[in-house]
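The primary structure of each chain is shown beneath.
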Amino acid sequence: MQHRQLKLDIRPKTVSSLCGLLIFTTLMGGLTTWTRVHRAYSLSPPMTVHEKCPQSPARETAVSLFPRPQVLYVSQSLQQHSISIPQIIHQSWRTRKLKAFQTEWQKTWLHNHPGWTYMFWTDKDNRRLIADHFPWFLDVYDSFPRNIQRADCARYFYMLHFGGCYFDLDFESLKNLGPLLLDVQVALAYMTQDTESELSIPNAFVASVPGHAFWWYVIKHVLMAVASEGIGSHDAHRITGPIMLKKAVAQYQTLSPMQDLTIFPSDTIYGVDYSWRYDPAMLSKFLSCHAASQEFNSTECKLSFPGSYSITYWSGDLTWNGWVGER
């Protein structure tokens, strides 16, 4: 393998050349790549049991899936070939030190998904994943000026390498995702009924079979945004986040012969509509679901969304209880 010999110059000309290579790879060989990666993953998942996890039930063990995020439980379905989204929940934070409210929401994913694999990633784990499996992207990854941009990209690479479902830590699980994901290959969700908004498809939730071609479109658009805006741009929305992601969705839906991208309505995954914070008639309802608000009441909030599989409490954009939500 010669991956280490590819040193990515961050100048726009070099990034544009790499974008061209990714376009060719996606359009000409994306489906072949997806099949090959998925089969290789399904046949030989790298696992090593190394310790008991004190936070989980006795039957659950912490497992090292290279590159060693914290794994609280590993499902036997990882060893079975399937075209379904693997039963894996990914979540991530700077370190393993979480606030009490984050830990409580984290536990709901374990409670509602018995038998699923739960993988918790730190910033160090994320970088190791890129360095070990996607070294051609490492120079770009290290050059981002904000941690949130690296965290954004890491979740796309979770989907490429492992597949499964990623949720931000301010989500609470309300019920098992299994029925929702039947026959789904790639899934995103709107966070508002205003689907025309450039921010309408965030990456706070993503789900996929491993190695799907869609994620190469996403990575290509990250590199295109870097070439356009500059690697030093602090605009995470345009470089690595929802604005970039929506552009990638539009191109994939236009160019791909596969109609296999599902976008769930906002009340299925996010619960509260983010645009309600700007609507005087709905502001009170939004604040009852906003963890940073003095009016926050999760019990009242959940009663408004009986059909939702999860709900986000939008805690990441404000400073509260001495915790700065900005990564």
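Residues numbered from 1 in each chain as written. Predicted model: local features only at pLDDT ≥ 70, side-chain atom pairs only at ≥ 80, totals over all residues. Heavy atoms only, no water.

A. Structural context of the overall build of the protein chain. Within the protein chain one finds 11 helices and 13 strands. When the 327 residues of the protein chain are sorted by exposure, 54% land in the buried category. For the protein chain, contacts bridging at least 24 residues in sequence account for 73% of all contacts bridging at least 6. Summed over its atoms, the accessible surface of the protein chain is roughly 14,900 Å², and 54% of this surface lies on carbon and sulfur atoms. (Helix = DSSP H or I, 4+ residues; strand = E, 2+ residues; numbered from the N terminus. Buried < 20%, exposed > 50% of the residue type's maximum accessible area, 1.4 Å probe, protein only. Contact = heavy atoms within 4.5 Å. Areas by Shrake-Rupley, 256 points an atom, 1.4 Å probe, with all protein chains shown as cover.)

B. Structural view of the environment of W216. Inspection of the secondary structure assignment puts W216 in helix α6 (residues 214-229). For W216, a relative accessible area of 15% translates into the label buried. For the pair W216 and Y156, spaced 60 residues apart in the sequence, the C-alpha separation amounts to 9.0 Å.

C. Here's a closer look at the packing of aromatic side chains. This structure, assessed with the given rule, holds 25 aromatic pairs. With centroids separated by 5.9 Å and ring planes inclined at 10°, the aromatic side chains of Y270 and W314 adopt a geometry described as stacked. With a gap of 44 residues between them, Y270 in the loop between α9 (266-269) and α10 (283-288) and W314 in the loop between β11 (310-312) and β12 (319-320) connect regions that are remote in the sequence. The class of W314 is buried, set by a relative accessible area of 12%. Among the aromatic side chains, those forming a connected cluster through ring pairs are W109, F167, F171, F205, F264, Y270, Y274, Y278, F286 and W314. The residue whose ring lies beneath K175 is Y309, and the NZ or CZ to ring-centre distance is 4.7 Å. (Phe/Tyr/Trp six-rings, centres within 6.5 Å; stacked < 30°, edge-to-face > 60°. Lys NZ or Arg CZ within 6 Å of the ring centre and 35° of its normal.)

D. Focus on helix α2 (residues 100-112). With 13 residues, α2 should reach 18 Å at 1.5 Å per residue; the first-to-last C-alpha distance of 19 Å fits that figure. Among the residues of α2, F101, Q102, W105, Q106, T108, W109, L110 and N112 are the ones counted as buried. (Expected span 1.5 Å × (residues − 1).)

E. Examining the packing of helix α3 (residues 123-133) against helix α5 (residues 147-161) more closely. It is the contact of α3 with α5, at a shortest axis distance of 10 Å, that shows an interaxial angle of 55°. In terms of their interaxial angle, α3 and α5 are classed as oblique. Handedness of the crossing formed by α3 with α5: left-handed. Contact with α3, carried on its side by D123, N126, L129, I130 and H133, involves N147, A154, F157, Y158 and H161 of α5 and no other residues of that element. Among the residues making up the contact of α3 with α5, the classes are represented as five nonpolar, four polar and one charged. (Axes fitted to C-alpha atoms, helices over the stretch in contact; angles between N-to-C directions. Parallel < 35°, antiparallel > 145°, perpendicular 65-115°, else oblique. Left-handed = near helix turned anticlockwise from the far one by under 90°. Nonpolar A, V, L, I, M, F, W, Y, C, P; charged D, E, K, R; others polar.)

F. Up close: the nonpolar core. Grouped together as the largest cluster of nonpolar side chains are 44 residues, with contacts concentrated most on F137, F144, F157, L188, F214 and W215. If you list the elements that add at least two residues to this core, you get β5 (117-121), α3, α4 (138-143), α5, β8 (186-189), α6 and α8 (242-255). Among the elements that take part in this core, α6 stands out by supplying 10 residues, more than any other. Apart from the residues lying within four places of it in its own chain, the contact partners of F214 are V186, L188, L245, A248, V249, Y252 and L261. (Core = buried A, V, L, I, M, F, W, Y, C linked by side-chain atoms within 4.5 Å.)

G. How the structure looks around the environment of M119. Within the element layout of this structure, M119 appears in strand β5. Sequence-wise, M119 and I89 are 30 residues apart; in three dimensions their C-alpha atoms are separated by 6.1 Å.

H. Expanded view of the state of the cysteines. Inspection of the entire model under this criterion finds one disulfide. The partner cysteine of C289 in its disulfide is C301, sulfur to sulfur 2.0 Å. The disulfide joining C289 to C301 has a torsion of about 110° about its S-S bond and is therefore right-handed. Of this pair, C289 sits in the loop between α10 and α11 (298-303) while C301 sits in helix α11, and the two are 12 residues apart along the sequence. We classify C289 as buried; its relative accessible area is 0%. The class of C301 is buried, set by a relative accessible area of 0%. (Disulfide = S-S within 2.5 Å.)

I. Spatial organisation of the confidence of the model for the protein chain. Across the protein chain, the average pLDDT comes to 78, with 71% of residues at 70 or higher. Confidence drops under pLDDT 50 across residues 1-68; counting only partners more than four residues distant or on other chains, this segment forms 125 contacts. (pLDDT = per-residue confidence, 0-100.)

J. The arrangement of the pattern of salt bridges in detail. According to the stated counting rule, one finds nine salt bridges in the structure shown. Its salt-bridge partner being R128, residue D125 comes within 3.4 Å of it at the nearest N-O pair. Of this pair, D125 and R128 are both found in helix α3, three residues apart, which corresponds to roughly one turn of the helix. Classification of D125 as buried rests on a relative accessible area of 3%. With a relative accessible area of 35%, R128 lands in the partly exposed category. Three or more residues joined by partner-sharing salt bridges are found here, namely R96, D125 and R128. (Salt bridge = Lys/Arg side-chain N within 4 Å of Asp/Glu carboxyl O.)

K. Looking closely at unusual backbone geometry. At D183, a residue that is not glycine, the phi angle is positive and equals roughly 65°. Locating D183 in the fold gives a position in the loop between β7 (171-173) and β8.

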